[in-house]
Amino acid sequence: MDRERIDLYRFRRLVDAAHRSDSARSANYLKRALELWQGPPLTGVAGQWLPSRVGTYLEEERLSALEDHAAAVLEVGHLREAIAELTTLVVDHPLRERAASLLMAALHRAGRRADALTVFRNTRHHLVRELGIEPGVILHRTHQQILSDAL
């Protein structure tokens, strides 16, 4: 079997390459990996057992790659691109604390401190209302760094 003919293997190879690269190359590898996604995983597969069992796991891999891409883009200083990607990700997945933390950092670096604090407040609201938990360490640390202007 030629693994390069299967999108999932190519996606994972590119993500692995990104994790071994500097931020600029990482952003490029992750962009190429994410371009392989054409919609929800396993669309068109006969039956429901495979998409329901494996689809959630594959979607988590995609979301993690999106966060990694945004982090790499942010690291190289492309604030507008990072903010656009992360805003969409946080709106679509309001319980993803890493995405919210990255968006807060990007907004703060772009001089939008109030917007960054609003992201924290909204994410905290979702976490408390839907899961009954407070934000985790990463989100609180980013919040405190913004409040003390240490980010």
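This text gives an overview of the structure that appears in the document. Just so it is clear, the model here is predicted, and its values are computed rather than measured.

### Details of the overall build of the chain
Then, number 1: Summing up its helical and strand segments, the chain has seven helices and zero strands in all.
Then, number 2: Across the chain, helices and strands are ordered from the amino to the carboxyl terminus as α-α-α-α-α-α-α.
Then, number 3: Along the first, second and third principal axes, the C-alpha set of the chain runs to 55 × 35 × 20 Å.
Then, number 4: The 151 residues of the chain split such that 36% are buried.
Then, number 5: Summarising the internal contacts of the chain: among those between residues at least 6 apart in sequence, 54% fall at separations of at least 24.
Then, number 6: Of the roughly 9100 Å² that the chain leaves accessible, carbon and sulfur atoms contribute 52%.
Then, number 7: The averaged location of the 20 negative side-chain charges in the chain is 1 Å from the averaged location of its 21 positive side-chain charges.

### Focus: unusual backbone geometry
Then, number 1: In this structure, Asp 149 takes a positive phi of about 55° despite not being glycine.
Then, number 2: Given a relative accessible area of 54%, Asp 149 falls into the exposed group.

### A closer look at the packing of helix H1 (residues 7-19) against helix H2 (residues 23-34)
Then, number 1: Relative orientation of the contacting elements H1 and H2 amounts to 165°, with a least axis distance of 8 Å. The orientation of H1 relative to H2 falls into the category roughly antiparallel. Helix-helix and strand crossings are classified by hand; for H1 and H2 the assignment is left-handed. Residues Phe 11, Leu 14, Val 15, Ala 17 and Ala 18 of H1 touch H2, and the partners they reach there are Ser 26, Tyr 29, Leu 30, Arg 32, Ala 33 and Leu 34.
Then, number 2: Looking at the contact of H1 with H2, its residues break down into nine nonpolar, one polar and one charged.

### Considerations on a nonpolar patch on the surface
Then, number 1: Residues Leu 95, Leu 131 and Ile 133 make up a contiguous nonpolar surface patch of roughly 240 Å² in combined accessible area.
Then, number 2: Mapping Ile 133 onto the fold places it in the loop between helix H6 (113-131) and helix H7 (137-147).
Then, number 3: Residue class for Ile 133 comes out partly exposed when judged on its relative accessible area of 39%.

What counts and how
Chains are numbered independently. Their residues run from 1 in the order of the written sequence. Only residues with pLDDT of at least 70 are given local features in this predicted model, and only at 80 or more are side-chain atom pairs given and counted; all residues enter the totals for whole chains, interfaces and linings. Side-chain measures were taken over the full set of non-hydrogen atoms in the model, leaving aside hydrogen atoms and water. Segments assigned H or I by DSSP are reported as helices when at least four residues long, segments assigned E as strands when at least two residues long, and all are numbered from the N terminus. Think of it in three bands: residues with accessible area under 20% of the maximum for their type are buried, residues over 50% are exposed, and the middle band is partly exposed, with areas taken using a 1.4 Å probe on protein chains only. Contact criterion: two residues are considered in contact whenever any of their non-hydrogen atoms come within 4.5 Å of each other. Reported accessibility uses the Shrake-Rupley method at a 1.4 Å probe radius. Residues are deemed covered only where the shown protein chains occlude them. For this count, His and the chain ends are skipped, Lys and Arg are scored as positive, and Asp and Glu as negative. A charge is said to be at NZ when it belongs to Lys, at CZ for Arg, at CG for Asp and at CD for Glu. Axis angles are defined between N-to-C directions and span 0 to 180 degrees, where every axis is a line fitted to C-alpha atoms and, for a helix, only to the segment in contact. The labels follow the angle: roughly parallel below 35 degrees, roughly antiparallel above 145, roughly perpendicular from 65 to 115, and oblique for the rest. In this scheme the crossing of two helices becomes right-handed for a clockwise turn of the near helix relative to the far one and left-handed for an anticlockwise turn of less than a right angle. For this classification, Asp, Glu, Lys and Arg are treated as charged, while Ala, Val, Leu, Ile, Met, Phe, Trp, Tyr, Cys and Pro are nonpolar and the rest, including Gly, are polar. Residues forming no salt bridge and having over 30% relative accessible area are the ones grouped into patches, like charges within 9 Å of each other and nonpolar side chains (Val, Leu, Ile, Met, Phe, Trp, Tyr) within 5 Å. A carboxyl oxygen of Asp or Glu within 4 Å of a side-chain nitrogen of Lys or Arg is what we treat as a salt bridge.

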